[in-house]
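Close look at the chain arrangement
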Amino acid sequence: MSANDSLPDDVETLKGMLIAARAACLEAQAKASNLEAEARARALLIEQMKFTIAKLRHERFGQSSERGAVLEQLELRLADMEEDASEAEAAAQMAAEAAAREKIEVQGFHRRKPARRPLPEHLPRERIVYPAPSSCPCCGGALHKLGEDVTETLELVPRQWKVIQHVREKFSCRSCETITQPPAPNHPIARGRAGPGLLAHVLFAKYGLHLPLNRQSNVYAREGIDLDVSTLADWVGACAATLMPLVETIRAHVFAAERIHADDTTVPVLAKGKTRTGRLWTYVRDDQPFGGSDPPAAAFFYSRDRGGEHPERHLASYAGLMQADAYAGFNRLYETGRKPGPIVEAACWAHARRKFFDLARLNQAPIAIEAVERIDALFDTEREINGMTPQERVRVRHERSRPLIGALEGWLRERRAKLSGKSETAKAIDYSLKRWPAFTRFLDNGRLCMSNNAAERAVRCIAVGRKNWTFAGSDEGGHRAAAIYTLIETAKLNDIDPQAWLADVLARLPDHPAKRIAELLPWNWRAPNQAAKAA
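Please read all numbers here as calculations on a predicted model, not as lab measurements.

As for the overall build of the protein
- Of the regular secondary structure elements, the protein holds 15 helices and 7 strands.
- Taking the intrachain contacts of the protein between residues at least 6 apart in sequence as the baseline, contacts between residues at least 24 apart amount to 65%.
- Surface summary for the protein: the accessible area is close to 32100 Å², and the carbon and sulfur share equals 53%.

Shown next as structure tokens:
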């Protein structure tokens, strides 16, 4: 039976069928076009988002919380948008195929593919050779290899657990019957059957990746390894005690600097039936902005509250330059008669800019907008002189920044005289003018920066961690967190893989001489494979 035999003979019925078919085709075409337009719009938005993220990453100065918060949100949105774009592209492709079956030509939309990066050269390669015919499929003649096409795909092999047996053989002397045996090896921690690699993984997962111990325990259980939270907690505590000599050495290195950055942030601490607010303090040494050769480092401390006695205790042996915000608890450190010497305050222009930026963003205040533009001009100069010697930085600042600072001060005082003391703009201006000597101190000292962003970047890891582990279990947990953060953030500042470094240090510490502890610091450390190549 042919297709024509199934058609009705009535003309009106045929017209109705033709109209219905045409309407269905137009509907399919419109749907495909809409999906194509949606996919194009998503692709354009993704490109705009990538440009914005790249621009924010490029900006090294400026208010960190406004930039960091926006950057985190953009990166999260970008991942979702790329998933949506892929889904829209697939839907458009399926619609085009459906329209093609209706004999309607719809040009398919092809999203521009990003440049594909080569896969890392250091990874091992596994060849899968697909069998070729042994003879020519056309004439049956012998085949000769001309070459090969290789397509590489990146694959993940689940991590492998293993048990290492430390075997100490016993031997006896047949002459005197003396029994000899090698001494027992030292382990990273006194108790617990965990190797240094596993201990480093647990530490970095908790403090570097912000993965609480209960979640780690669940992950290990799914891999067939039962490790209770209490066991993991015992390991973390023992590791913190073992690594404390390194923590103290890093802290001493930080406070030996001529200039440091200081900041603090909140950390919830578990109390009876609730949580209370503790503080984690950080002091950062970073000489790279003025071309210094000493390695960077970050020292963290914990306290139950934000009392001024805590930074006084942390900085009891320090005298020099300190970049910080306007926290009143630092005021006694700046007193002239302080022993062993006064700490010279350098205020943070990022904090001053932030107060104007909030007003410019929320209220579109003209004075605030112009203040932000004037401060940004100062930061433009700072970007250009980053890494120069202190003398060169001072020379450029005197030529370019000092005139801008003078004009800014006069402009602020003129605007302030016309404002009510209760206005938010006046409060933002007062924040800067009341601390003007501290804000302008960077002009005559090339070791100073305009902002305290180095310390703010260091405490950012704590802010991210708060969202995951929620609170510290006790004050002891707070002190332990400060110690491990000191190690991890210092390793990151020196471009060292924290987990690899911790694993090697935990393996070597038990037999390492205490007088040579400096050899294990991140800036003196080399990965085992690098050390073997150098040898």
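Re the pairing of strand 6 (residues 321–324)
- By the alternation rule, side chains of strand 6 split into L321 and Q323 and M322 and A324, which are all buried.
- Looking at chain direction, strand 3 (residues 259–271) and strand 6 are connected through 3 bridges and run parallel. Residue pairing in the sheet places I260 in a bridge with M322 of strand 6.
- In this structure, strand 6 lies alongside strand 7 (residues 344–347), joined through 4 bridges in parallel fashion. Considered in strand 7, the bridge of A324 is made with A347.

Brief notes about the nonpolar core
- Counting residues in hydrophobic clusters, the biggest one holds 74 residues, and the most contacted among them are L243 and M322.
- The contact partners of M322, leaving out residues within four places of it in the chain, are I260, A262, L315, F330, L333, Y334, I343, V344, E345 and A346.
- In terms of nonpolar packing, the next biggest core, distinct from the first, is built from 31 residues, A365, A368, I375 and L433 among them.

Re the sheet that holds strand 5 (residues 297–303)
- The strand order 5-4-3-6-7 describes an open sheet built from 5 strands, whose pairing is mixed. In this open sheet, the two edge strands, each paired with only one partner strand, are strand 5 and strand 7. With direction set aside, neighbouring strand axes in the sheet form an average angle of 30°.
- Along the sheet, helix 5 (residues 229–254) contacts strand 3, strand 4 (274–285) and strand 5; its crossing angle with strand 5, the most-contacted strand, is approximately 110°.
- Sheet contacts for helix 13 (residues 475–493): strand 3, strand 4 and strand 5; angle to strand 5, the most-contacted strand, approximately 170°.

Re the packing of aromatic side chains
- Summed over all chains, the structure comprises 13 aromatic pairs.
- Note on Y327 and F330: the rings are 5.0 Å apart at their centroids and 85° apart in plane angle, and the pair reads as edge-to-face.
- Judged by relative accessible area, Y327 falls into the buried class, the value being 11%.
- Three or more aromatic residues joined by ring pairs form one cluster here, namely F255, Y283, F301 and Y318.
- Lying across the ring of F301, R251 places its NZ or CZ 4.2 Å from the centre.

Section: the pattern of salt bridges
- Scanning all chains against the criterion turns up 30 salt bridges.
- Through salt bridges with shared partners, a single ionic network connects R127, K145 and E148.

Considering helix 13
- With 19 residues, helix 13 should cover 27 Å at 1.5 Å per step; its first-to-last C-alpha distance of 27 Å lies within 8% of that length.
- Downstream of helix 13 by a residue or two, D495 has a phi angle that is positive, lying close to 60°.

Description of the packing of helix 3 (residues 196–207) against helix 14 (residues 498–508)
- For the pair helix 3 and helix 14, the least separation of the axes is 8 Å and the interaxial angle reads 135°. On the basis of the axis angle, helix 3 is oblique to helix 14. When the axes of helix 3 and helix 14 are compared, the crossing they make is right-handed. Between helix 3, through P196, G197, L199, A200, H201, L203 and F204, and helix 14, the contact on the second element is made entirely by P498, Q499, L502, A503, L506 and A507.
- Broken down by class, the residue content of the contact of helix 3 with helix 14 amounts to 10 nonpolar, 3 polar and no charged.

Quick word on helix 7 (residues 349–363)
- Its 15 residues give helix 7 an end-to-end C-alpha distance of 21 Å, which sits within 8% of 21 Å, the value for a rise of 1.5 Å per residue.
- Looking at helix 7, one finds that the buried residues are W349, A350, H351, A352, R353, R354, F356, L359 and A360.
- After helix 7 finishes, the residue Q364 shows a positive phi value of roughly 55°.

Concerning the packing of helix 7 against helix 8 (residues 366–385)
- Orientation of helix 7 relative to helix 8, taken along the N-to-C sense of each, is 145°, at an axis distance of 8 Å. Every pair of crossing elements has a handedness; the one defined by helix 7 and helix 8 is left-handed. Contacts between helix 7 and helix 8 involve W349, A350, R353, F356, F357, L359 and A360 from the first element and A368, I369, A371, V372, I375, D376, L378 and F379 from the second.
- Split by residue class, the contact of helix 7 with helix 8 holds 13 nonpolar, no polar and 2 charged.

Structural notes on the confidence of the model for the protein
- Per-residue confidence for the protein gives a mean pLDDT of 84, with 77% of residues at or over 70.
- The least confident element of the protein is helix 15 (residues 528–534), whose mean pLDDT is 57; the most confident is strand 5, at 97.

A closer look at the environment of I250
- Mapped onto the fold, I250 is located in helix 5.
- For I250, the contacting residues outside a window of four places in its chain are A297, A298, T486, L487, T490, L521 and P522.

Some thoughts on the side chain of Q323
- If you trace the backbone, Q323 turns up in strand 6.
- Once you skip the residues sitting within four places of it in the chain, Q323 turns out to touch R259, I260, H261, A262, A346, A347, L448, C449, M450, S451 and N452.

What to know about the environment of C136
- Along the chain, C136 turns up in the loop between helix 2 (64–101) and strand 1 (171–172).
- Dropping the residues within four chain positions of it, C136 is found in contact with G141 and L143.

As for the side chain of S303
- Counting through the fold element by element, S303 comes out in strand 5.
- Exposure remark for S303: the relative accessible area of 3% places this residue in the buried category.
- A polar contact of 2.6 Å, which involves the side chain of S303, links it to the backbone oxygen of D305.
- Excluding anything up to four places from it in sequence, S303 contacts G278, R279, W281 and H310.

What to know about the environment of T180
- Locating T180 in the fold gives a position in strand 2 (residues 179–180).
- When the C-alpha atoms of T180 and K170 are compared, they prove to be 5.8 Å apart, with 10 residues separating the residues in sequence.
- For T180, the contacting residues outside a window of four places in its chain are E169, K170 and F171.

Regarding the state of the cysteines
- Enumeration according to the criterion identifies 0 disulfides in this entry.
- Free of any disulfide, C173 has its nearest neighbouring cysteine sulfur in C176, separated by 3.6 Å.

Points about unusual backbone geometry
- Omega for the peptide link from K339 to P340 comes to 5°, which places this bond in the cis form.
- Phi is positive for H210, close to 60°, though the residue is something other than glycine.
- Relative to the assigned elements, H210 resides in the loop between helix 3 and helix 4 (213–222).
- For H210, a relative accessible area of 9% corresponds to the buried category.

Analysis parameters
- Residues numbered from 1 in each chain as written.
- Predicted model: local features only at pLDDT ≥ 70, side-chain atom pairs only at ≥ 80, totals over all residues.
- Heavy atoms only, no water.
- Helix = DSSP H or I, 4+ residues; strand = E, 2+ residues; numbered from the N terminus.
- Contact = heavy atoms within 4.5 Å.
- Areas by Shrake-Rupley, 256 points an atom, 1.4 Å probe, with all protein chains shown as cover.
- Buried < 20%, exposed > 50% of the residue type's maximum accessible area, 1.4 Å probe, protein only.
- Pairing = 2+ DSSP bridges.
- Core = buried A, V, L, I, M, F, W, Y, C linked by side-chain atoms within 4.5 Å.
- Axes fitted to C-alpha atoms, helices over the stretch in contact; angles between N-to-C directions.
- Phe/Tyr/Trp six-rings, centres within 6.5 Å; stacked < 30°, edge-to-face > 60°.
- Lys NZ or Arg CZ within 6 Å of the ring centre and 35° of its normal.
- Salt bridge = Lys/Arg side-chain N within 4 Å of Asp/Glu carboxyl O.
- Expected span 1.5 Å × (residues − 1).
- Parallel < 35°, antiparallel > 145°, perpendicular 65-115°, else oblique.
- Left-handed = near helix turned anticlockwise from the far one by under 90°.
- Nonpolar A, V, L, I, M, F, W, Y, C, P; charged D, E, K, R; others polar.
- pLDDT = per-residue confidence, 0-100.
- Polar contact = N/O pair within 3.5 Å; in protein donor to acceptor, adjacent residues only side chain to side chain.
- Disulfide = S-S within 2.5 Å.

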